[in-house]
Amino acid sequence: MNEAAGLRMSARLAVRDFELELNVAPGEVLAVLGPNGAGKSTLLDVVAGLLTPDIGSVRLHERVLTDTAKGIAVPPHKREVALLAQDPLLFPHLSVAANVAFGPRSRGTRARAAAAVALEWLRAVDAEELSGRTPDSLSGGQAQRVALARALAVRPRVLLLDEPMAALDVTAAPAMRALLRRVLRDNPDAARSNTRPDCTILVTHDIIDAVTLADRVAVIEAGRVVESGPVTEVLARPRSRFAARIAGVNLILGRAAGGGSAGLSAVTDGGIEVYGRTGETGLPADSVVSGRAAAVFSPVAVAVHREHPEGSPRNVFRVRIAEMEDRGGIIRVRGADGPGAAAGLAADLTPAAVAQLSLTPGLDVYFAVKATEVEVYAY
């Protein structure tokens with residue numbers, strides 16, 4: 001691939017403690033995940049031209065959109081970048097059709113041609129029948145579909161999606177997700193007619209969005225990219241606690257060391273040693289390695305004890321229960337966040353087991369997991 005192709009940005013903003021580099025390949029949908037305050041909105045604002053970094057650049061293919069060293073800052077409306085946020089922000093005084101036609105009209109398209117473009121995109125998002133209605137008569141899902149049509153009607157080179165499903169109800173969100181997949185991933189006509197955005201960045205808290213819509217995922221914490229890669233790879237082998245949490249697995253990070261017959265061990269800074277097996281792409285169990293390693297295991301594999309267990313479990317962690325969540329017949333018992341290897345670990349138990357153990361938030365317990373249930377890998 002041409003290294004100049006796609007979207008490339010690097011930015012540093014001292015006041016927000018934000019410093020990262022990000023690339024999006026042509027045709028790629030990149031999901032950006034991270035906790036609140038991680039810098040996801042800052043990233044979108046820099047790409048959209050709503051925020052100029054202290055130092056940095058934004059390039060789309062060969063075109064320079066931002067370059068602080070050269071004093072280049074293309075205005076937002078000239079970047080060919082469209083932003084779809086949680087709030088549809090439709091113009092209340094315009095009809096649905098006029099809302100969608102607004103972008104083409106503002107770029108000089110004649111009224112009849114703009115109306116045709118609006119109808120084309122309303123049809124593409126299954127909202128043609130809404131064309132004559134006003135925004136205040138629409139449901140949340142309908143308004144978001146119209147907002148998507150309005151964003152795409154200007155044929156942006158870059159589409160920025162800022163948690164577009166977050167404000168939708170449980171019935172509208174899946175429909176919107178399916179629509180986005182059809183528009184961004186599954187529609188060969190859009191690709192052939194060059195109406196699909198060149199690059200898409202999807203900011204989301206929902207792992208379903210990443211799994212169904214994205215080619216690749218980047219995890220941001222404290223204004224830095226802490227890991228990135230194909231969606232399946234990041235979810236199967238996370239390297240950050242946030243990614244592990246949304247993937248529904250437990251993660252312990254540390255230094256790699258030889259484990260002999262017990263497998264590779266990942267030793268944390270706190271001195272806790274986690275034993276587990278290595279997969280085909282992991283490090284040999286009989287080797288001694290000085291690099292970093294991660295141990296991953298499912299909450300289902302965790303047994304909870306009121307007293308330190310005796311017998312076979314190789315891995316035992318003392319945990320203070322922070323919260324208990326009903327997950328459809330299974331209770332997820334999660335330990336407190338914070339420093340230390342065992343922070344934020346989770347166990348899935350039946351309601352009967354929770355009752356038998358008399359578990360409550362604030363209680364100190366022991367989590368135990370067999371080494372055969374733990375995968376250890378280097379990174």
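Residues numbered from 1 in each chain as written. Predicted model: local features only at pLDDT ≥ 70, side-chain atom pairs only at ≥ 80, totals over all residues. Heavy atoms only, no water.

Draft legend 1. Quick look at the packing of aromatic side chains. For the structure shown, the criterion picks out two aromatic pairs. Ring geometry for phenylalanine 297 against phenylalanine 317: centres 6.2 Å apart, planes inclined by 5°, an arrangement best described as stacked. With phenylalanine 297 in strand 15 (residues 292–297) and phenylalanine 317 in strand 17 (residues 315–326), this residue pair connects regions lying 20 residues apart in the sequence. Of the two residues, phenylalanine 297 and phenylalanine 317, both sit in the buried class. Just above the ring of phenylalanine 91 sits the side chain of arginine 150; from NZ or CZ to the centre is 5.1 Å. (Phe/Tyr/Trp six-rings, centres within 6.5 Å; stacked < 30°, edge-to-face > 60°. Helix = DSSP H or I, 4+ residues; strand = E, 2+ residues; numbered from the N terminus. Buried < 20%, exposed > 50% of the residue type's maximum accessible area, 1.4 Å probe, protein only. Lys NZ or Arg CZ within 6 Å of the ring centre and 35° of its normal.)

Draft legend 2. Looking closely at the pattern of salt bridges. For the structure shown, the criterion picks out 19 salt bridges. Notably, a salt bridge pairs aspartate 67 with arginine 59, separated by 3.1 Å at the nearest N-O pair. Its relative accessible area of 7% is what places aspartate 67 among the buried residues. Since its relative accessible area comes to 24%, arginine 59 is described here as partly exposed. Through salt bridges that share partners, Arg63, Glu80, Arg157 and Asp198 make up one connected network. (Salt bridge = Lys/Arg side-chain N within 4 Å of Asp/Glu carboxyl O.)

Draft legend 3. Structural context of the nonpolar core. In terms of nonpolar packing, the biggest core is built from 49 residues, with Val100, Val146, Leu148, Met176 and Leu180 touching the most fellow members. With eight residues, the top contributor of residues to this core is helix 4 (residues 140–153). Non-local contacts of valine 146, meaning those with residues more than four positions away in its chain, are made with Leu90, Val96, Val100, Leu122, Leu130 and Leu138. (Core = buried A, V, L, I, M, F, W, Y, C linked by side-chain atoms within 4.5 Å. Contact = heavy atoms within 4.5 Å.)

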